[in-house]
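Chain by chain, the residues run as shown.
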Amino acid sequence: MTLEEVKKNILDQDLSISIIDIPNQIISTEAKKQKGYEIRDSRDKVYIYEYINNEALESDNIKIHNNLNGIPLPNTPIIMTAHNVLVIYIKNEKEEYEIENKILKVL
């Protein structure tokens with residue numbers, strides 16, 4: 001799986017996204033590609049990382065997960081991995097589940 005495939009899957013869920021910067025604390029030095037997106041009209045964030053193999057993903061996942069603890073977040077992030085891709089989803093509204101359910105289908 002690639003970052004572009006995940007992005008396409010997000011768009012296929014009828015979600016509009018715009019590119020945002022990835023916070024410095026969770027910029028990867030291991031990923032071959034990485035992008036941050038904000039879901040329009042919700043302020044939810046999605047960060048996607050693509051790796052050359054699962055070993056690089058597993059190593060970086062631990063670092064990124066630990067670094068998330070240093071960032072003030074509106075809600076607990078959802079972290080998903082599959083096929084050399086790491087996806088971090090941070091929703092803005094705790095009780096909003098429609099977008100979350102769509103994001104859970106992108107991998």
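Heads up: these notes are all about the structure in this document. Along each chain, the written sequence defines residue order, and numbers are assigned to residues from 1. For this predicted model, a pLDDT threshold of at least 70 governs which residues receive local features, and a threshold of 80 or more governs which side-chain atom pairs are given and counted, while totals over whole chains, interfaces and linings are taken from all residues. Side-chain numbers here rest on the full set of heavy atoms in the structure, without hydrogens or water.

1. Observations regarding the sheet that holds strand E2 (residues 33–39)
Next up, step 1: When DSSP finds at least two bridges between two strands, those strands are taken to pair. Strands here mean DSSP runs of E at least two residues long; helices mean DSSP runs of H or I at least four residues long; both are numbered from the N terminus. The strand order across the open sheet built from five strands is E1-E2-E3-E5-E4, with neighbouring strands paired in antiparallel fashion. In the strand order of this sheet, the two ends are held by strand E1 (17–20) and strand E4 (78–82), each with one partner. Averaged over all pairs of adjacent strands, the angle between their axes in this sheet comes to 25 degrees, without regard to strand direction.
Next up, step 2: The contact criterion used is simple: two residues touch if any of their non-hydrogen atoms lie within 4.5 Å. To get an axis, a line is fitted to the C-alpha atoms, and for a helix only the part in contact is used. The angle between two axes follows their N-to-C directions and goes from 0 to 180 degrees. Along the sheet, helix H2 (residues 54–68) contacts strand E3 (44–50), E4 and strand E5 (85–90); its crossing angle with E5, the most-contacted strand, is approximately 20 degrees.

2. Brief notes about the pairing of E4
Next up, step 1: Bridging between E4 and E5 involves five bridges; their strand directions are antiparallel. Across the sheet, isoleucine 78 pairs through a bridge with tyrosine 89, a residue of E5.
Next up, step 2: Taken together, E4 and the strand that follows it, E5, pair antiparallel across an intervening segment of two residues, in which histidine 83 is found at a positive phi of about 50 degrees.

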